[in-house]
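# Residue-level structural notes
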Amino acid sequence: MNLTPEERQCGEENFHAALGNKLVRYDFLKQCIAERLATGAGLGAKYFGYGKPPSEPVRVGVIGTGDEGGVLIGAINPKYVQVVAIADIRPYNIYRAFHGDSSSANALRVRPGLITKYGWADEAEARRTVKVYADRYEELLDDENVEAVIVALPLHLHAEASIKAMRKGKHVLTEKLMGHSVHECKEMARVAAETDKLLAVGHQRHYSPRYNSAVTLVKNNLIGDVHHIRAQWHRANLPGNDSWQPPLPDEQMGKALDAARQELDQVKQEFESKRDAARAALTSGEDKKSQDLKELLDKWDGELEAHPKEIAERTAELAALEGAEDADARRKEITDRIQALEKRLRDVKREYPRRLNLDPDLIGRLQDLSRKVDVYAYQMMDADIDPKKYGYIERSLPGGYKQTALEELVRWRLWARTGGGLMAELGSHQLDAAGIFVSSLRDDGKKVQPLSVSAVGGRHLFPADRDIEDHVYCTYEYPAPGYDPETNPEKKIVVHYSSINGNGFGDYGEIVYGTEGTLMLERESSMMLFWIRGATPPTSTYVKVVEKTAKDADGNPTKTLALAEGSNHTGEARLGRDGLKGADTRGYTEEIEHFAYLIRNPDAEVKFRCDAHVALADAVIALTSNIAMAENGRINFKPEWFDIDSDETPEGVAPDVNRPAYQV
């Protein structure tokens with residue numbers, strides 16, 4: 001919907017005011033604010049019922065540190081999780097795991113890297129805590145220091161890595177989609193039960209305070225009877241400019257690396273020249289101030305040379321401690337010394353340019369170019385991998401396109417063999433969101449299974465350099481409250497989903513249509529509420545929550561909530577906004593926190609919000625949609641597909657937990 005700034009402001013204020021109303025979430029939000037001010041804690045524990053950080057963070061290994069692995073690393077709360085190992089066969093992904101993704105300011109914000117996340121000085125310090133497994137992730141699974149793993153590999157490896165991890169005694173949080181096929185998802189769920197290990201799946205909207213708040217409004221009947229949900233994820237990707245088609249290491253990238261190195265050398269020379277000139281000018285005088293500064297800088301020079309050498313020596317001492325009688329005491333002594341030296345180096349490197357009054361812009365250019373050279377260099381190192389060793393293949397596609405094994409590894413989302421296309425990567429997010437709203441209408445809150453899907457899609461814009469669709473359009477029928485296939489078969493909620501490339505208008509989000517109002521959810525961050533009066537929704541009308549008397553099915557009077565015309569700038573709106581402060585994690589942080597909490601507290605009453613049953617349903621919906629597109633038709637969902645214990649699957653392959661790929 002194309003809203004004016006005034007209409008958008010009105011919708012957001014309506015949403016917050018409804019939350020802050022005394023009949024809705026007034027007391028809860030007051031508690032959230034009080035606890036946040038008193039403890040500095042995030043919203044997750046309060047919103048979703050799990051506990052505060054454990055006394056000892058869970059020691060986690062991250063398997064797959066590419067795009068999504070980097071997002072999950074960036075979402076970690078160190079009070080809950082300590083990353084002690086990472087595994088990835090691509091040097092560039094290992095680099096990003098430590099240093100973050102500098103491809104854009106937003107990429108670096110969501111993928112800041114382990115060094116920033118844990119406050120380490122550099123990669124050398126980080127590697128003293130984090131082991132790197134750059135060949136096979138199975139080596140990480142043999143690491144006894146790893147209690148649990150986060151799996152963020154290409155989709156076709158989710159089941160294999162998760163099952164092997166559980167059979168090695170590790171708890172698993174795997175990125176969505178749960179698996180590459182429904183039979184794989186059922187195999188994962190069965191092995192979780194067999195090994196008694198926690199298996200969680202990262203459909204993070206289940207842990208979004210904003211979505212949780214929107215669901216509260218739906219459950220309180222503030223938008224009336226829900227009858228339609230429209231969702232979309234539109235992107236401006238075009239041939240030659242596709243976010244799913246990152247550059248491959250080739251001659252062109254090599255030239256870019258050479259050019260970046262030359263520019264870096266020039267800036268280094270400029271920096272060193274200005275540094276030396278500034279030092280000479282500030283320390284050449286005979287006055288005490290000049291001499292004191294010279295003495296300080298000479299001291300810092302000595303530390304910058306000596307401390308790294310001592311850190312290396314002390315690190316070697318640590319490695320040689322195994323089996324020594326006083327190993328624990330010596331280990332603490334050496335570790336404390338290393339940490340003190342590293343802190344000192346950080347302070348000196350920060351203070352040195354400041355004391356010389358060097359141009360901050362020049363320092364920033366030097367840092368940016370250094371990172372740029374590193375990025376190109378590590379991307380070029382990907383060319384040294386033998387992807388065939390890890391199961392990636394080369395082939396000729398219809399249309400004559402030659403796909404290399406390295407391309408399948410780097411651009412795995414473009415191939416049906418390694419990914420699940422738009423429905424797995426994008427559609428599953430929003431069908432999960434739609435399912436959350438539809439399921440909230442049930443008294444038991446269980447995941448509602450859709451009745452049917454009709455789908456079309458195709459490669460309408462891109463050439464034959466992929467075999468997935470670049471446009472998908474799906475329509476789903478869900479049972480509404482009161483639905484009965486015999487007596488009330490028309491009582492349905494229809495969900496429409498589209499994902500296109502070539503035009504990003506509207507971006508991504510969901511609109512929930514009710515008979516009394518409309519909820520708009522944009523980019524998981526902006527939530528708007530509009531009231532309906534007559535045929536046209538007044539998008540600039542401010543509303544409030546009121547209590548009214550209605551009649552139940554038996555004709556008895558009952559109290560219910562409704563919307564009525566109100567005014568803006570209310571205390572309720574301020575409370576609603578304040579109660580959601582800090583809710584900008586999109587749910588990633590909260591899902592990881594709860595995962596860690598349940599590992600430390602296996603008997604906790606509040607279980608994971610997206611377990612194998614919920615995630616299986618999301619996979620069934622997304623993957624059956626792909627089948628409907630391939631058949632250009634309509635498919636009725638079978639209840640057996642959603643049943644972990646049933647061998648029936650939409651692809652017609654029975655689950656088998658004893659596949660050779662799962663053996664450890």
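Residues numbered from 1 in each chain as written. Predicted model: local features only at pLDDT ≥ 70, side-chain atom pairs only at ≥ 80, totals over all residues. Heavy atoms only, no water.

The subject of this paragraph is the overall build of the protein. Secondary structure summary: the protein contains 21 helices and 18 strands in total. Expected size for 664 residues packed as a compact globule is a radius of gyration near 26 Å; at 28 Å, the protein falls within 12% of this value. C-alpha atoms of the protein, sized along the principal axes, occupy 95 × 60 × 55 Å. Summing over all exposed atoms, the protein offers an accessible surface of approximately 30,300 Å²; the carbon and sulfur share of this is 48%. Within the protein, the 106 negative side-chain charges are centred at a point lying 3 Å from the centre of the 87 positive side-chain charges. (Helix = DSSP H or I, 4+ residues; strand = E, 2+ residues; numbered from the N terminus. Rg over C-alpha atoms; globule rule 2.2 N^0.38 Å. Areas by Shrake-Rupley, 256 points an atom, 1.4 Å probe, with all protein chains shown as cover. Lys, Arg positive; Asp, Glu negative; His and termini not counted. Charge placed at Lys NZ, Arg CZ, Asp CG, Glu CD.)

Okay, the packing of aromatic side chains next. In this description, a pair of aromatic rings is defined by centroid distance and the angle of the planes. Summed over all chains, the structure comprises 13 aromatic pairs. Residues tyrosine 95 and tyrosine 378 carry aromatic rings whose centres are separated by 4.7 Å and whose planes lie at 25° to one another, so their mutual orientation is stacked. Within this pair, whereas tyrosine 95 is found in helix H5 (residues 91-99), its partner tyrosine 378 is found in helix H16 (residues 360-381), the two being separated by 283 residues in sequence. By relative accessible area, tyrosine 95 is classed as buried at 3%. Note on tyrosine 378: relative accessible area 25%, which makes it partly exposed. Ring pairs connect the aromatic residues Phe28, Tyr47, Phe48, Tyr207 and Phe608, which therefore count as one cluster. The lysine or arginine in question, lysine 22, covers the ring of tyrosine 26, its NZ or CZ lying 5.2 Å from the ring centre. Taking NZ or CZ as reference, arginine 466 lies 3.8 Å from the ring centre of phenylalanine 462, over its face. (Phe/Tyr/Trp six-rings, centres within 6.5 Å; stacked < 30°, edge-to-face > 60°. Buried < 20%, exposed > 50% of the residue type's maximum accessible area, 1.4 Å probe, protein only. Lys NZ or Arg CZ within 6 Å of the ring centre and 35° of its normal.)

Time to look at the sheet that holds strand S10 (residues 452-458). In spatial order, the strands read S15-S14-S13-S7-S12-S11-S10-S18; together these 8 strands make up an open sheet with mixed pairing. The sheet terminates laterally at strand S15 (526-531) and strand S18 (634-636), the two strands that pair on one side only. Taking each pair of neighbouring strands and ignoring which way they run, the sheet shows an average axis angle of 15°. This element, helix H21 (residues 612-631), spans S10, strand S11 (471-479) and S18 of the sheet and lies at about 60° to S10. (Pairing = 2+ DSSP bridges. Axes fitted to C-alpha atoms, helices over the stretch in contact; angles between N-to-C directions. Contact = heavy atoms within 4.5 Å.)

Before going further, it helps to spend a moment on the side chain of histidine 471. As for its position among the elements, histidine 471 is in strand S11. A polar contact of 2.7 Å, which involves the side chain of histidine 471, links it to the side chain of aspartate 470. Ignoring sequence-local partners within four residues, the contact set of histidine 471 consists of Leu422, Val456, Gly457, Gly458, His460, Leu461, Ser499, Ile500 and Asn501. (Polar contact = N/O pair within 3.5 Å; in protein donor to acceptor, adjacent residues only side chain to side chain.)

Packing of helix H14 (residues 288-319) against helix H15 (residues 327-355) brings their axes to within 9 Å, and their N-to-C directions diverge by 150°. Overall, the two elements H14 and H15 adopt an arrangement that is roughly antiparallel. Along this stretch, H14 crosses H15, giving a crossing that reads as left-handed. In terms of residue class, the contact of H14 with H15 is built from 14 nonpolar, 3 polar and 14 charged. (Parallel < 35°, antiparallel > 145°, perpendicular 65-115°, else oblique. Left-handed = near helix turned anticlockwise from the far one by under 90°. Nonpolar A, V, L, I, M, F, W, Y, C, P; charged D, E, K, R; others polar.)

This paragraph deals with the environment of glycine 100. Structurally, glycine 100 can be placed in the loop between H5 and helix H6 (105-110). Accessibility expressed as a relative area gives 1% for glycine 100, which makes it buried. With 13 residues separating them in the primary sequence, glycine 100 and glycine 113 have C-alpha atoms 3.8 Å apart. Apart from the residues lying within four places of it in its own chain, the contact partners of glycine 100 are Tyr95, Leu108, Arg111, Pro112, Gly113 and Arg371.

Looking now at the packing of helix H18 (residues 421-440) against H21. Where H18 contacts H21, the two axes come as close as 9 Å, and the packing angle between them is 125°. When the interaxial angle is binned, H18 and H21 end up oblique. H21 is crossed by H18, and the crossing has right-handed handedness. In this structure, H18 uses Met423, Ser428, Leu431 and Asp432 to contact H21, whose residues at the interface are Asp618, Ile621, Ala622, Ser625, Asn626 and Met629.

Here we take up the sheet that holds strand S3 (residues 131-133). Ordered by their spatial adjacency, 6 strands build an open sheet running S3-S2-S1-S4-S5-S6, and the pairing between neighbours is parallel. Here the strands that pair on one side only, and so sit at the sheet edges, are S3 and strand S6 (199-202). Between one strand axis and the next, the sheet turns by 25° as a mean value, whatever way the strands run. In terms of strand pairing, strand S2 (residues 81-87) meets S3 through 3 bridges, oriented parallel. Residue pairing for S3: isoleucine 86 is matched across the bridge by valine 132.

Turning our eyes to something else, we now look at helix H10 (residues 158-167). The element H10 is largely enclosed, with a buried count of 9 among its 10 residues. When H10 is considered as a whole, its buried residues turn out to be His158, Ala159, Glu160, Ala161, Ser162, Ile163, Lys164, Ala165 and Met166. Considering only its buried residues, H10 is in contact with helix H9 (138-141), strand S4 (148-151), strand S5 (171-175), helix H11 (182-195) and S6.

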